[in-house]
Amino acid sequence: MMSKRSPKKPFLGSATFAIGDLLKSEEQTLTINLSPLDGSSKVGTIVVSNLKMGENENEETDQAPSEASREKVNSALYGSVLHRTVNDAGKFSLLDSVFKNIIWKVYRLPTANGKWLCVREQMAESTLSFHIPKQLIELFIQEDMRRLQDLEELGELSAHWDTLRQNVTIHYQQMISSYQEVLTELNKFSGSSFKPSCSRGEKKLEFVPVNLHLQRMQIQNSSAKTDGIYDVVTIGAPAAHIRGFRNGGLRRQLYRFEGEKRNSAYQYIYYSPEDTTKAKEVITNIYKLQPRILSNTDLLLTAARQHSSDSLKDTLKTLSEITEQFVHTFEDQLVRSALLALHKARPSYINKKCSTLIHNPEGTEEQSESNQRRSSKDSIPHHAEYDEEDWDRVWVNVGKSLNCIIAMVDRLLEQSDNRPECEPKPSSADQSPSSACDNWYEGLYPLVITLKDCVSEVINRAKKAMVFVLLQDCGSNIPQALALHQRRDVVFSQALAGLVCGFVIKLHTCLHDQGFLLQLHTVGLLVQFEGLLSTYSEEIGMLEDMSIAITDLQKVSFKVVEAQLPESATADLYPVVTGIRDFYTVEVQLPSKLFEVLPQEIKDGKLLRVHPVFFNIGINEQQTLAERFGDISLQEIINQENFKLLNKYYKSFQEKVSTDCLPQFQTQLDIKELFQSLSENIQARKRKNVEILKLAASICRRLNGIRFTSCKSAKDRTSMSVTLEQCVILQEEHSLHPDYFVRALDCMRSSYAKETMNDTDDPETDCDNRPTSSHFYPVALLLVSSHLLVVWLILSLALLLAKYQ
């Protein structure tokens, strides 16, 4: 894996060197002789070549390139390299918009059967690192401003609830102001399209993911003529670094906050997280379905005025489906209970209750018991003045109004069939064109108006009730509630940027794979995150943030749309994010030529679901401390929970799609065996069991999934993991010679060569918090055996004493 930083010195002593040095050199190819382990004569070479894409990379040349060819090399290395590997026939490439500053290296490696592998390793920055967070922040601001308006439209509330509303309004205004400042700073930002790890502490960049890159390995076997493309998106752990981890991460803080809400239920109404999510879902459906109902009713009247039978039938069918979905949204008991709670929060109810207590203080208890007996059959006791049936009537009237429209359309169409000649004859001067078939509009208009009125009444009541539910979410501790709100926004923004990046490259790579496209719109896309965070100190807080961020990605769906661009346009095809919190849709634009190859279901706008899973194994020295003296239960719980999600996805895949959709691999391992082995390793509780990560990655690749690898900064640990995975793939799937496994691995990791890295070049350390002595680096020896811990501590202490003496 290539370094994500510009080295101070060229790595001429290692197997590869910087691309910039390659461009400046007079030689077009650098050849490094490799000797077998037994010390015999040369067997093969690893070639690092700057051949431009499309040339024969197996040919070697001793001639220096001309100036013209050097310009082509520059264009090939830093231009649109990625998309040329997937047969893009369109003029516009989606990847040209998403990936920039692409660098690559090429290796030639021997196989076990005496042939050669041409391996091209590419790394690219993603413009989505900033583009997606900026879109999200705009949506956050719009949603919060709409929330303020909804709170104002709640109407009169009693003093207790009105005070809560005012306090929530003040804090929301502060949060909106903070988001506007961050958005302004991001719009001013210019320079690199990724956020380096030393910028983790910058407030204006907290929504931006750390070190988001695409790592691609393309393999060509000259003998078998087989190609393989393997992509891994590398990203720093989605975490709110600037907000600190003194109180843990999101997972722990949300759990504590829920406990506080339960304990304060005597002051406020407690709604579970599921109820809060349901309330958001109802509001989302209101904003989504109401415009569609209104537009389709207008289309229905237009079809009636035009006397178009086919258009009338199609529009009515669409209207029926949307209205049925609309009615189903309000079937939940949460709406009924929230309507009652809102009724009790009105000043009229409070005044009436107080008046009853004043006029009849002694008989209150007896009267209450009497009312309870009389209303024992009601679902809402003690409140006879609240008419529950009134809500049922309003809600059911929507369906009844639709049924009236359906009956009227059927009658009009039947009359039209019985009178095939609806146009007036020229000789009949006394007949009017509107006397028979042209009566459609007048017949449907009052029914459509009734449907619109019923829908508006339902929305008016239900939206206020759901806004009142969301108001309770902040009741116990408003500052803490909104602080968690912001923290969740931050980590979700980072995770979503990585997800969109991975989806775009996966869609583009598999655009002509009909099996993958069928799986995509039938089952959804598997997204597997590999975490390398320890369960010690601050990293356990990062792990808690990351687990919640990945879980929140379950509410994201994708939609592929045709880019509306003229032939001469050169606009970037950036993905577009729409929706509100917990219910986002990402629209991925494709040029017309690429959009045409998609299945009809995707063309019709079917939402494509993603299924994220997350497996974490700490591998550094801090994990050794956690396993010896700390607690690793969080890691075990996360792995167990996500194994269930992964298994659930596979069962759904088996039910809906044939295994013929899956890619073929040289190592024909049964997926069921991989699942069984993964389950056993998760239950084994073995220390630093990296076999879990290997099995999860293998299952993801076999299920056409997207691979992500993360650590604190997506540098050292991530680089080690990705390069090891690449060499394992070369050996297992492409028959890399066993004697050259370690050498190929060293070659890919050569930018971290020991002889070229000094103390200040440690890429896993913050820019302004680096160790001052190299005696800290032997900590890596703890990965070999945790029993070296005591020895390491003694030696480190001795070195410190010797230094300061």
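That block above? That's the structure.
Basis of the calculations
Residues numbered from 1 in each chain as written. Predicted model: local features only at pLDDT ≥ 70, side-chain atom pairs only at ≥ 80, totals over all residues. Heavy atoms only, no water. Buried < 20%, exposed > 50% of the residue type's maximum accessible area, 1.4 Å probe, protein only. Helix = DSSP H or I, 4+ residues; strand = E, 2+ residues; numbered from the N terminus. Pairing = 2+ DSSP bridges. Core = buried A, V, L, I, M, F, W, Y, C linked by side-chain atoms within 4.5 Å. Contact = heavy atoms within 4.5 Å. Expected span 1.5 Å × (residues − 1).

Enquirer: Please set out the pairing of strand 3 (residues 99–110) residue by residue, giving values where relevant.
Expert: Of all 12 residues making up strand 3, 10 are buried, and the element is well covered by its neighbours. Summarising the sheet, strand 3 and strand 4 (residues 116–126) pair through 10 bridges and their orientation is antiparallel. Paired with I103 across the strands is M123, a residue of strand 4. Between the antiparallel neighbours strand 3 and strand 4 lie five residues, among them G114 with a positive phi of about 85 degrees.

Enquirer: Could you give me a rundown of the pairing of strand 7 (residues 525–531), with the residues and numbers involved?
Expert: Strand 7 sits mainly inside the fold: seven of its seven residues count as buried. In this structure, strand 7 lies alongside strand 11 (residues 608–616), joined through seven bridges in parallel fashion. Among the inter-strand pairings, V527 is bridged to a residue of strand 11, identified as P612. Two elements, strand 7 and strand 12 (residues 706–710), share five bridges in a ladder whose sense is parallel. From the neighbouring strand, V527 faces strand 12, where its bridge partner is I706.

Enquirer: Describe the nonpolar core, and please don't skip the residues or the numbers.
Expert: In this structure, L444, M466, L496 and F558 are the most contacted members of the largest nonpolar core, which totals 147 residues. Top element by residues in this core is helix 14 (residues 478–509). It accounts for 17 residues. Sequence-distant contacts of L496, defined by excluding residues within four places in its chain, comprise I132, L136, L553, V556, V577 and V586. Counting residues in hydrophobic clusters, the runner-up holds 27 residues, among them L526, Y649, F675 and L693.

Enquirer: Describe helix 22 (residues 691–702), and please don't skip the residues or the numbers.
Expert: Across its 12 residues, helix 22 extends 17 Å between first and last C-alpha, which sits within 8% of the 16 Å expected from 1.5 Å per residue. Extensive coverage of helix 22 is indicated by the burial of 10 of its 12 residues. Along helix 22, the residues classified as buried are I692, L693, L695, A696, A697, S698, I699, C700, R701 and R702. With its phi angle positive at about 60 degrees, N704 sits one or two positions after the end of helix 22.

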